[in-house]
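As a plain string of letters, each chain reads:
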Amino acid sequence: MSHLLFKAASAGDVAAIEAQLARGADIDWRHKGTGRTALIEASIQRQPQAVAALLRHGASLNLQCKALGSTALAWAASLGDAAIAAMLLSHKADIEIASPELGRTALMSAAQAGHAELVALLLEAGADPAPLDFRQENAWALARAKGHTQVMALLERSGSASPPPPAAPQAQDWPDTSPGTETQTPERVVRAYILAMEAWERKGVAKHAASAAAPEFWAEQLDIVAKYCTSKPRAYAHSSFGTPTHHSAQDLLLSVTQQSASRMELIVLRANESMAYEHRFSVHRKAGQWRIDSLARRLHGTQKWERDIL
């Protein structure tokens, strides 16, 4: 029943919305995959009549979807839908809710997308242009990155300007990885793995057409894993190589943490990228040798780790 309400909201079918609510549908039911409510879905699909009907029946205004963590207002802001945004604001939608991972507010979403009308509407409603996202950028900086000069001017009139540059990450020195020493310490095995993977990927980039089809090229990657990683069965193997490479000699060693006598955790930052990722290596010691056991990654500045492929 509630999923039929969701479908009606997506289609903008007000009669069906009213009918499903009369039958007892949960107005705040969430889609299992996306976490969207009917109100969020109606905002995404730009269905103002559906939004108005759901608001009349008391739909929760400030719930957030799963993928981006955006509210109905943030979606309307990012899509440039002033009519829906105005309705949500008139019902007292929280204007300052930030997405959990990226730390983006509705104003940031509108500014990044270049929707000057939405930016003006949100500022008039009291939106704060000062908050910073996960990359320590404010709405003005997000607009500048996309060249949205009209939005920048609006924000400047509200007292916004370029945020201070974020502090440079504090990195540790990588150890030497002379032949025969690669698995003597956790830092050495991770460094050796990074360098070997970068060299393998660069080979694929240099000889793209031939390398991608050559079995021996992919066998090299398996040899790298066999040399530097534990021998447990792995569900996934690499089926592509990165441009730029997945790892780089310029990667920064941020931390080394001892989890137990035979387990260490290293966090490495992929440097010199606008969307920089941190890599978390779990390294185990067996028979006096260190091997990488698992790998995870997250956007630098966020909290949620996702499993990655070795």
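Residues numbered from 1 in each chain as written. Predicted model: local features only at pLDDT ≥ 70, side-chain atom pairs only at ≥ 80, totals over all residues. Heavy atoms only, no water.

What to know about the packing of helix α5 (residues 72–79) against helix α6 (residues 82–90)
In step 1: Between α5 and α6, the least distance of the axes is 8 Å, while the angle of their chain directions is 155°. Put simply, α5 runs roughly antiparallel to α6. Our pair here, α5 against α6, has a crossing hand that is left-handed. Mapping the contact onto sequence places Ala-72, Leu-73 and Ala-76 in α5 and Ile-84, Ala-85, Leu-88 and Leu-89 in α6.
In step 2: Residues that form the contact of α5 with α6 fall into these classes: seven nonpolar, no polar and no charged. (Axes fitted to C-alpha atoms, helices over the stretch in contact; angles between N-to-C directions. Helix = DSSP H or I, 4+ residues; strand = E, 2+ residues; numbered from the N terminus. Parallel < 35°, antiparallel > 145°, perpendicular 65-115°, else oblique. Left-handed = near helix turned anticlockwise from the far one by under 90°. Contact = heavy atoms within 4.5 Å. Nonpolar A, V, L, I, M, F, W, Y, C, P; charged D, E, K, R; others polar.)

A few points about the layout of surface pockets
In step 1: Its volume calculated, the second largest pocket comes out at about 400 Å³.
In step 2: What lines the second largest pocket is a set of 15 residues, and nearest its centre among them are Ala-67, Glu-101, Leu-102, Lys-304 and Glu-306.
In step 3: For the lining of the second largest pocket, the leading source of residues is strand β4 (residues 289–299), giving three residues.
In step 4: Here the residues of the lining of the second largest pocket sort into seven nonpolar, two polar and six charged. (1 Å grid on protein atoms, 1.4 Å probe; cavity = no way out; pocket = protein on both sides within 12 Å on 5 of 7 lines; lining within 4 Å. Points joined across faces, edges and corners; volume = space filled by probe spheres on them.)

Points about the packing of aromatic side chains
In step 1: Under the defined criterion, the tally for this structure stands at five aromatic pairs.
In step 2: A ring pair is formed by Tyr-193 and Phe-281, whose centres lie 6.2 Å apart and whose planes are at 75°; its orientation type is edge-to-face. In this pair, Tyr-193 sits in helix α11 (residues 186–206) while Phe-281 sits in strand β3 (residues 277–286), placing the two residues 88 residues apart along the sequence. Grouping residues by exposure puts Tyr-193 and Phe-281 together as buried.
In step 3: For the ring pair Trp-200 and Phe-217, a centre distance of 4.7 Å and an interplane angle of 15° mean the geometry is stacked. With a gap of 17 residues between them, Trp-200 in helix α11 and Phe-217 in helix α13 (residues 215–228) connect regions that are remote in the sequence.
In step 4: The exposure class of Trp-200 is buried, given its relative accessible area of 2%.
In step 5: Judged by relative accessible area, Phe-217 falls into the buried class, the value being 2%.
In step 6: Ring pairing ties together the aromatic residues Trp-200, Phe-217 and Trp-218, which thus form one cluster.
In step 7: The ring centre of Trp-75 lies 5.7 Å from the NZ or CZ of Arg-36, which sits over that ring.
In step 8: Over the aromatic face of Tyr-277 sits the side chain of Arg-297, whose NZ or CZ is 4.2 Å from the ring centroid. (Phe/Tyr/Trp six-rings, centres within 6.5 Å; stacked < 30°, edge-to-face > 60°. Buried < 20%, exposed > 50% of the residue type's maximum accessible area, 1.4 Å probe, protein only. Lys NZ or Arg CZ within 6 Å of the ring centre and 35° of its normal.)

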